[in-house]
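Examining the three-dimensional arrangement
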Amino acid sequence: MSILIKNIILDGEKKDILIEGNKIKKIGKNLDSKAKEKIDGKGENAVLPGLINCHTHAAMTLFRGYGDDLLLKEWLEKKIWPLEAKLTEDDIYWGTKLACLEMIKTGTTFFNDMYWHPKAAIEAVKEIGLRAMIGLVLIDFDSKGSKENVEKLYKRLDAKNLEPISLSIAPHSIYAVSRKNLIWAKNFARKYNLPLHIHISETKKEVKDCLKKYDLRPVEYLEKISFLGEDCILAHSVWLNDKEIKILAKRKCSVVYNPTSNLKLAVGNIFPYKKFKENKVNVCLGTDGPASNNSLDMFLEMKIASLLQKHKEKNPTILPAKEVIKIATKNGAKALKVNIGEIKEGKLADLILIDLNQICFKPGHNFISDIVYSTTGNCVSDVICNGKILMRERKVKGEREIIKKATQRAKELVKRY
Ligand SMILES: [Zn+2]
């Protein structure tokens, strides 16, 4: 399969891009090729790397708008957990498909997931053609999340043959997974060379409880059990002190900023971006699940990410547009260790085309500013992932069926409760 994209705006200049197989083969002017597929940008489309959502729970699309504006404890105990207990493989399959459809429509080509029934999620992602890292969830209070089950799943899933999908080990958090099981998770992950994906320091209570139990703050506790390393992706990372940030820098961990979820769940603190940057910690961006966001649109997330830091630091020069695009692309690729995140020859072909005719790009003084502050994911016209066209002129194969089936599953799920 080869694709030739003609007359596309790349870094302010009109260029052609040739994709062969799953890679960007050549970028230049007036490229000629016998490519099977041709897309003409006519100088009216720009290209960006596909956005990378570094922390989500995709199938929670089924819970979108179900129980908003509640206290976290009430929301989890009365709304989310009872419903999650009733989830079937089929629910996960359609919920994940709906999430994938939303991500494609809003320009995300890679997501880092953590949720139940990974086999069904993988099937959905595979059929739709996105790139994803699917976490095998470890949790103490559900047999689906036992270490025996994670090990069984890992062996059954045949990780080497899932490309472009990969697996991670995902112990939910330090409060939902025992010390013994966290140690098991990091040993298992390192034995099989799998990344570790965990929630950390999302609330003040988590820090308080950890101090009470171990006389250590959450990051100090993870450091003590030798959990931290370059293979760690730490979602939230909101309630951290300077010492913890220095530990994460030393261990070369990646942290995921989830601004909308943090605001909506009122976690009471703002992600310490400036300190992470000063300490050269790799910062990525994520939406968190669609029950606590409620959108998977990374364009919205970029805008909120930047505005919230400006507000926190009382400084409008913090996290400028160019930098926020980098955390949503290149930094995500670094965390997930995949050759994506930039439009360059030799990179894997994950890219999105932007419709510059939309009002939000007019008059067009600064494309990068418009991307972060003015538009939404609706500006994406075409999506290519791993060298395959997933959306052409905003049309995705099978989208009507996905919307219909996922809506049906969500309505039936609520009735089961
Ligand atoms: Zn989460």
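A quick note: this is a predicted structure, and the numbers were derived from the prediction, not measured. (Residues numbered from 1 in each chain as written. Predicted model: local features only at pLDDT ≥ 70, side-chain atom pairs only at ≥ 80, totals over all residues.)

1. Notes on the domain arrangement of the protein chain
Interface size, as often reported, equals the accessible area lost upon joining of the parts. For clarity, the cut-off: Residue ranges assigned to each domain were obtained from an automatic or database domain assignment. Residues are scored as being in contact if the C-beta atoms we place from backbone atoms lie within 7 Å. Put simply, DSSP H or I for four residues or longer makes a helix, DSSP E for two residues or longer makes a strand, and each gets a number counted from the N terminus. Each residue receives one of three labels: charged for Asp, Glu, Lys and Arg, nonpolar for Ala, Val, Leu, Ile, Met, Phe, Trp, Tyr, Cys and Pro, and polar for the others, Gly being one of them.
What the domain assignment lists for the protein chain is domain 1 (2-48 + 345-399) and domain 2 (51-336). Contact residues are listed per partner, giving 19 residues for domain 1 and 22 residues for domain 2. Looking at the side of domain 1 that touches domain 2, the elements with two or more residues in it are α14 (367-374), β15 (380-385) and β16 (388-391). Tallying contributions element by element places α14 first for the side of domain 1 that touches domain 2, with five residues. In terms of residue class, the side of domain 1 that touches domain 2 is made up of eleven nonpolar, five polar and three charged.

2. Looking at helix α11 (residues 298-313)
Quick reminder of the rule: For a helix, the expected span equals 1.5 Å multiplied by the residue count minus one. Put simply, a residue is buried when 20 or more other C-beta atoms lie within 10 Å of its own C-beta and exposed when 12 or fewer do; between those, it is partly exposed, and each C-beta is set from the backbone.
Taking 1.5 Å per residue as the helical rise, α11 with its 16 residues ought to reach 22 Å, and the 23 Å between its terminal C-alpha atoms agrees with that figure. Among all positions in α11, only Met 298, Phe 299, Glu 301, Met 302, Lys 303, Ala 305, Ser 306, Leu 308 and Gln 309 are buried. Looking one or two places after α11, you find Lys 314, whose phi comes out positive at around 50 degrees.

3. Focus: the packing of helix α2 (residues 89-105) against helix α3 (residues 118-128)
Selection rule: For helices, the fitted line uses only the C-alpha atoms of the stretch in contact; every axis is such a line through C-alpha atoms, and the angle between N-to-C directions lies from 0 to 180 degrees. Working rule for handedness: look at the near helix, and if it is turned counterclockwise from the far one by less than a right angle, call the crossing left-handed; if clockwise, right-handed.
Viewed as axis vectors pointing N to C, α2 and α3 meet at an angle of 35 degrees, and their least axial separation amounts to 8 Å. Crossing of α2 over α3 shows right-handed handedness. In this structure, α2 contributes Glu 89, Ile 92, Tyr 93, Thr 96, Lys 97 and Cys 100 to the contact, and α3 contributes Lys 119, Ala 120, Ala 121, Glu 123, Ala 124, Val 125 and Ile 128.

4. Remarks on the pairing of strand β2 (residues 13-20)
As a general feature of sheets, a regular strand has side chains that alternate between the two faces. Here is the rule: Strand pairing is assigned whenever DSSP detects at least two bridges linking the two strands.
Of the strand pairs in this sheet, strand β1 (residues 2-10) and β2 are connected by seven bridges, and their pairing is antiparallel. Note that in β2 the partner of Ile 8 across the bridge is Lys 15. With antiparallel pairing between neighbouring strands as the criterion, β1 and β2 make up a hairpin whose turn holds two residues, including Asp 11 at a positive phi of roughly 50 degrees. Counted between consecutive antiparallel strands, the loop separating β2 from strand β3 (residues 23-28) contains two residues, among which Gly 21 sits at a positive phi close to 60 degrees.

5. Observations concerning the pairing of strand β14 (residues 351-355)
For β14, the tally of buried residues reaches four of five residues, placing the bulk of the element in the interior. Here strand β5 (residues 45-49) runs beside β14; their pairing, made up of five bridges, is antiparallel. By the bridge assignment, Pro 49 is partnered in β14 with Leu 351. Relative to β15, β14 runs antiparallel, the two sharing four bridges. Its bridge partner lying in β15, Leu 351 is registered against Ile 384.

6. Description of the nonpolar core
To keep it simple, the criterion reads: The nonpolar core criterion groups buried Ala, Val, Leu, Ile, Met, Phe, Trp, Tyr and Cys residues into a set whenever they are joined through C-beta atoms within 7 Å.
Residues Ala 121 and Leu 285 are the most contacted members of the largest nonpolar core, which totals 126 residues. In terms of residue count, the dominant contributor to this core is α2 (nine residues). Taken together, domain 1 (2-48 + 345-399) and domain 2 (51-336) each give at least three residues to this core, which thus spans both. Those residues in contact with Ala 121 that sit more than four places away from it in its chain are Ala 58, Ala 59, Ile 92, Thr 96, Asp 113, Tyr 115 and Ile 134.

7. Focus: unusual backbone geometry
Backbone torsion omega between Glu 163 and Pro 164 reads 5 degrees, so that peptide bond is classified as cis. Within the secondary structure layout, Pro 164 lies in the loop between α4 (147-157) and β9 (165-171). Going from Lys 362 to Pro 363, the amide bond is cis rather than trans, its omega being 5 degrees. Mapped onto the elements, Pro 363 comes out in the loop between β14 and α14. The backbone phi angle of Ser 201 is positive, close to 45 degrees, even though this residue is not glycine. Among the structural elements, Ser 201 can be located in the loop between β10 (196-200) and α6 (204-214). Ser 201 sits in the buried class, given 26 other C-beta atoms within 10 Å. In this structure, Ala 266 takes a positive phi of about 50 degrees despite not being glycine.

8. Some words on the packing of α2 against helix α15 (residues 399-416)
Counted only if it meets this: By definition in this entry, angles of less than 35 degrees are roughly parallel, angles greater than 145 are roughly antiparallel, angles of 65 to 115 are roughly perpendicular, and the rest are oblique.
One can describe the packing of α2 onto α15 by two numbers: an axis separation of 9 Å at closest approach and a directional angle of 135 degrees. It follows that α2 is oblique to α15 by the angle criterion. Our pair here, α2 against α15, has a crossing hand that is left-handed. Between α2, through Asp 90, Asp 91, Trp 94, Gly 95, Lys 97, Leu 98 and Leu 101, and α15, the contact on the second element is made entirely by Glu 399, Ile 402, Ile 403, Lys 405, Ala 406, Arg 409 and Leu 413. In terms of residue class, the contact of α2 with α15 is made up of seven nonpolar, one polar and six charged.

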